[in-house]
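A structural walkthrough
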Amino acid sequence: QVQLVESGGGLVQAGGSLRLTCAASGLTFSINTMGWFRQAPGKEREFVAAIRWSGGSTYSADSAKGRFTISRDYAKSTVHLQMNSLKPEDTAVYYCAAARAWSPRPTMSIAYADWGQGTQVTVSS
């Protein structure tokens, strides 16, 4: 099992930036892909971004392209989500997730076996 702990959430004004961090521990050698998802009140959880752990290929939702950047520190077993130009509609709980097997669909939550507890991001207008 992989344990995941998110940090970096908070309250920010529209147009501002936040950097989320996810620290992985446990069976980190088994990680294939790391992803970020978010869930706003009353809405389904949605994909934000993902990164292949060894190769570094990245995937982003259309809503994140040009504003959010996912990166990883392989040596520290951490993944970051740099969020710029934040909008009120980005308000949600952001979850980090780890996939321990390769999936052709890293944008799908079903590909991920391990999840963090989430961190709240609130963007005020």
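Residues numbered from 1 in each chain as written. Predicted model: local features only at pLDDT ≥ 70, side-chain atom pairs only at ≥ 80, totals over all residues. Heavy atoms only, no water.

1. Some words on the sheet that holds strand E7 (residues 68-73)
Keep this limit in mind: Two strands qualify as a pair provided DSSP detects at least 2 bridges between them. Counting from the N terminus, the helices are DSSP H or I runs at least four residues long and the strands are E runs at least two residues long. Between the N-to-C directions of two axes lies an angle of 0 to 180 degrees, each axis being a line fitted to C-alpha atoms and, for a helix, fitted only over the stretch in contact.
Taken together, the four strands give an open sheet; going across it, the order is E1-E3-E8-E7, and neighbouring strands pair in antiparallel fashion. A single partner strand is all that each edge strand has here, and the edge strands are strand E1 (2-7) and E7. With strand direction ignored, the average angle separating the axes of adjacent strands in the sheet is 20°.

2. Here's the deal with the side chain of Arg-52
Put simply, the test is: The classification of residues rests on relative accessible area computed with a 1.4 Å probe and restricted to protein chains. Under 20% of the type maximum is buried, over 50% is exposed, and intermediate values are partly exposed. In this tally Asp and Glu are treated as negative and Lys and Arg as positive; neither His nor the chain ends contributes. Salt bridge, as used here: a side-chain nitrogen of Lys or Arg that lies within 4 Å of a carboxyl oxygen of Asp or Glu. Here a polar contact means two N or O atoms within 3.5 Å. Within protein one must be a hydrogen donor candidate and the other an acceptor candidate, and residues neighboring in sequence count only if both atoms are side-chain atoms. The contact criterion used is simple: two residues touch if any of their non-hydrogen atoms lie within 4.5 Å.
By the secondary structure assignment, Arg-52 is in strand E5 (residues 46-52). Although Arg-52 is buried, it forms no salt bridge, and the closest oppositely charged side chain is Asp-114 at an N-O distance of 14 Å. Within the local environment of Arg-52, its side chain forms a polar contact with the backbone oxygen of Ser-103, the two atoms lying 2.8 Å apart. Contact partners of Arg-52, with chain neighbours within four places excluded, come to Asn-32, Thr-33, Ser-57, Tyr-59, Arg-72, Trp-102, Ser-103, Pro-104 and Pro-106.

3. Quick notes on the state of the cysteines
Going by this rule: In plain terms, two cysteine sulfur atoms within 2.5 Å form what is called a disulfide here.
One pass over the full model with this rule turns up one disulfide. There is a disulfide in this structure between Cys-22 and Cys-96, and the S-S distance comes to 2.1 Å. On the sign convention where negative means left-handed, the S-S torsion of about -80° between Cys-22 and Cys-96 marks this disulfide as left-handed. Within this pair, whereas Cys-22 is found in strand E3 (residues 18-26), its partner Cys-96 is found in strand E9 (residues 92-99), the two being separated by 74 residues in sequence.

4. A look at the side chain of Thr-119
For Thr-119, the position within the fold is in strand E11 (residues 119-124). A polar atom in the side chain of Thr-119 sits 3.3 Å from the backbone nitrogen of Gly-9. With residues up to four places along the chain from it excluded, the contact list for Thr-119 reads Glu-6, Ser-7, Gly-8, Gly-9, Leu-20, Ala-92, Val-93 and Tyr-94.

5. Concerning the pattern of salt bridges
Per the stated rule, a full pass over the model turns up five salt bridges. One salt bridge connects Arg-38 with Glu-46, and the closest N-O pair in it is separated by 2.5 Å.

6. Concerning the nonpolar core
To keep things clear, this is the line we draw: Here, the term nonpolar core denotes a set of buried Ala, Val, Leu, Ile, Met, Phe, Trp, Tyr and Cys residues that are joined through side-chain atoms within 4.5 Å.
The biggest cluster of nonpolar side chains holds 28 residues, and the ones touching the most others in it are Met-34, Trp-36, Val-79, Leu-81, Met-83 and Tyr-94. Of all the secondary structure elements, the ones that give two or more residues to this core are E1, E3, strand E4 (33-39), E5, E7, strand E8 (78-83), E9 and E11. With sequence-adjacent residues up to four places away left out, Met-83 is seen in contact with Gly-16, Ser-17, Leu-18, Leu-20, Arg-67, Phe-68, Tyr-94 and Val-121. Listed in part, the eight residues of the second largest apolar core include Ala-50, Ala-61, Ala-111 and Tyr-112.

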